[in-house]
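Examining the three-dimensional arrangement
Take a look at the letters that make up each chain.
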Amino acid sequence: MGEKIIEVSFQCSSNIALVKYWGKKPHGVQLPANPSISWNLGDLYATTTLKVFQRDTSDTPFVFTLSGKSKPSFEPKIEQFLLKIAVDCPWLKNYILHIDSENNFPHGTGIASSAAGFGALGLCIAKVEEDLGLLQNSTMDFWQRSSYLSRIGSGSACRSMYAAPAVWGETLAVEGSSDLYAVELGGEIHPLLTHWRDVVLIVDDGEKAVSSTAGHALLKDHPYAEARFAKAQLNLIDIVRAIRTGDVNRFIEIVESEALQLHAMMMTSVPYYLLICPNTLAIIEKIWQYRAETGMRLCFTLDAGANVHLLYDKKDETDTMNFVRKVLLPYCKNEQYLCSVIGLKPKQLR
Ligand code: PMV
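Owing to the predicted nature of the structure, the values given are computational and were not obtained by experimental measurement.

By nearness alone, 13 residues border the ligand, and Tyr21, Ser156, Arg159, His216 and Asp303 come closest of all. Contact between the ligand and His216: an oxygen atom at 2.9 Å from a side-chain N or O atom of the residue. With respect to the ligand, the side chain of Asp303 contributes an N or O atom lying 2.6 Å from an oxygen atom. Notes on the ligand: free accessible area 380 Å², of which the protein chains cover 91%. A per-class count over the shell around the ligand returns five nonpolar, five polar and three charged.

Read from one edge of the open sheet, four strands run E9-E10-E8-E11, paired in antiparallel fashion. In the strand order of this sheet, the two ends are held by strand E9 (298-302) and strand E11 (337-341), each with one partner. Sheet twist, expressed as the mean angle between neighbouring strand axes with direction ignored, is 25°. Bridge analysis of E9 against strand E10 (residues 308-313) gives five bridges, and the strand direction is antiparallel. Directly across from Phe300, in E10, lies its bridge partner Leu310. Its contacts with the sheet place helix H6 (residues 248-267) against strand E8 (196-201), E9 and E10, and it is angled at close to 25° to E9. Contacts from helix H8 (residues 317-328) reach E8, E9, E10 and E11 within the one sheet, and its direction differs from that of E10 by about 155°.

As a further point, take helix H5 (residues 225-245). The terminal C-alpha atoms of H5, which comprises 21 residues, lie 30 Å apart, in line with the 30 Å expected from a rise of 1.5 Å per residue. Of the positions making up H5, those classed as buried are Ala225, Arg228, Phe229, Ala232, Asn235, Leu236, Asp238, Ile239, Val240, Ala242 and Ile243. Residues of H5 that are buried sit in contact with strand E1 (4-19), strand E2 (36-54) and H6. Gly246 occupies a position one or two residues after H5 and carries a positive phi of about 75°.

Time to look at the pairing of E2. Buried residues dominate E2, accounting for 15 of its 19 residues. Here 14 bridges tie E1 to E2, and the two strands are oriented antiparallel to one another. Following the sheet pairing, Val8 is matched in E2 by Leu50. Where E2 lies against strand E6 (residues 166-168), three bridges are found, and the strand directions are antiparallel.

Take the nonpolar core next. One finds Ile37 and Phe251 to be the most contacted residues of the largest nonpolar core, which totals 74 residues. Broken down by element, the residue count for this core peaks at nine residues, all from helix H2 (residues 113-132). Residues contacting Ile37, with those up to four places away along its chain left out, are Ile16, Ala17, Leu18, Val19, Pro165, Ala166, Val167, Leu185, Leu236, Ile239, Val240 and Ile243. Ranked by size, the runner-up nonpolar core spans 23 residues in total, among them Ile287, Leu298, Phe300 and Leu328.

So, on to unusual backbone geometry. Cis peptide bonds are those with omega within 30 degrees of zero, and the linkage from Val270 to Pro271 qualifies with 0°. The phi dihedral of Gln30 falls on the positive side, at around 55°, and the residue is not glycine. In this model, Leu344 sits at a positive phi of 80°, which is unusual for a non-glycine residue. Along the chain, Leu344 falls in the loop between E11 and strand E12 (347-348).

On to the packing of aromatic side chains. One pass over the full model with this rule turns up 11 aromatic pairs. On the basis of an interplanar angle of 50° and a centroid distance of 6.0 Å, the ring pair of Trp39 and Trp196 is categorised as tilted. Of the two residues, Trp39 sits in strand E2 while Trp196 sits in strand E8, which places them 157 residues apart along the sequence. Each member of the pair Trp39 and Trp196 is classed as buried. Measuring from ring centre to ring centre gives 6.0 Å for Trp91 and Tyr95, while their planes differ by 65°; the resulting arrangement is edge-to-face.

Relative to the assigned elements, Ser101 resides in strand E5 (residues 95-103). The class for Ser101 is buried, based on a relative accessible area of 6%. The residues touching Ser101, leaving out its near neighbours within four places in the chain, are Ala46, Thr47, Thr48, Phe64, Thr65, Leu66 and Ser67. Engagement of the side chain of Ser101 in a polar contact is seen with the side chain of Thr48, the distance being 2.9 Å.

What follows is about the side chain of Ser9. Relative to the helices and strands, Ser9 is located in strand E1. At 3.1 Å, the side chain of Ser9 and the side chain of Thr49 are in polar contact. Non-local contacts of Ser9, meaning those with residues more than four positions away in its chain, are made with Thr47, Thr48, Thr49, Cys124, Lys347, Gln348, Leu349 and Arg350.

In this structure, the second largest pocket occupies an estimated 320 Å³ of space. As for the second largest pocket, its lining consists of 14 residues, of which Lys24, Lys25, Pro26, His216 and Lys220 are closest to the centre. If you list the elements that add at least two residues to the lining of the second largest pocket, you get helix H4 (212-217) and H5. Taken together, the residues that form the lining of the second largest pocket break down as six nonpolar, four polar and four charged.

Conventions we followed
- Residues numbered from 1 in each chain as written.
- Predicted model: local features only at pLDDT ≥ 70, side-chain atom pairs only at ≥ 80, totals over all residues.
- Heavy atoms only, no water.
- Near = heavy atom within 4 Å.
- Polar contact = N/O pair within 3.5 Å; in protein donor to acceptor, adjacent residues only side chain to side chain.
- Areas by Shrake-Rupley, 256 points an atom, 1.4 Å probe, with all protein chains shown as cover.
- Nonpolar A, V, L, I, M, F, W, Y, C, P; charged D, E, K, R; others polar.
- Pairing = 2+ DSSP bridges.
- Helix = DSSP H or I, 4+ residues; strand = E, 2+ residues; numbered from the N terminus.
- Axes fitted to C-alpha atoms, helices over the stretch in contact; angles between N-to-C directions.
- Contact = heavy atoms within 4.5 Å.
- Expected span 1.5 Å × (residues − 1).
- Buried < 20%, exposed > 50% of the residue type's maximum accessible area, 1.4 Å probe, protein only.
- Core = buried A, V, L, I, M, F, W, Y, C linked by side-chain atoms within 4.5 Å.
- Phe/Tyr/Trp six-rings, centres within 6.5 Å; stacked < 30°, edge-to-face > 60°.
- 1 Å grid on protein atoms, 1.4 Å probe; cavity = no way out; pocket = protein on both sides within 12 Å on 5 of 7 lines; lining within 4 Å.
- Points joined across faces, edges and corners; volume = space filled by probe spheres on them.

What follows is the structure in structure tokens.
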């Protein structure tokens, strides 16, 4: 191995989709079948350090460690990612990458660690390109380029680049939106939807029965795929309007409907499958009951798993957390939950 050329380090958070990406375009590399929009989970992040060394022909192209320890089960995904981005980053063949990544939330809690991890890695690679002057004629800015690279590792990771809501996929609702990278939702975000928080209620912390990769693939011959993609397009336009005008009730309706549509698509795939479990449904019903009783404006969403994300306005923090502790924790595995602010941009540490 040759001398060390550069070292960079980024902290990048996970995100939760409000309108879901579920299904890919039949062409291209990881292009979404419909646009999606997400909020960054600022307190749940990965920290990735990338050390770049000169490479001799005999050297292996990368070394990956998770919190300093080798993690062979992650290597195939990183290897695939580096192979795929080699077309865009031909300079990679001259270097060895030492990648160390670490999450600040427990591994195996069902939180999208790949969004945070690939987000941070995309940022590190884009920074190396920028600092070493390896990128010529790019029309993308640094964040778009980071988003573009992260997307190739994990689609949803490309939305982790911004403090404001991030939109990935072409939509008439957002100027400059692209299938290739996420952009920040510019313009007005209504104050009623600016200071929200997320409590992730951990219902199941095991491996998912069906991975997201396999789930996306099942949209290919899905009987309802076209209707779903068209509905997501409309929901995207509608939620952007709700975010701009402060129509919290409509925002809640879209977010909850999107979560249920995501899982409805899983239940109607061929073969069909279920990722939610009885406690997921019990939590959703308790949230609906609490909202009806108190009139408080909070809502749930789901990722591709059994855990429930409870989204609420920061001004309702005390009441919401009392409700979580008293009513919802009995449905969580070992009473586990994680709290996060919404927003926060990635941070360069080195
Ligand atoms: O990024 P992937 O391939 O893990 O897909 C994630 C898809 C969902 O999390 C279910 C929805 C989304 O838009 O994040």
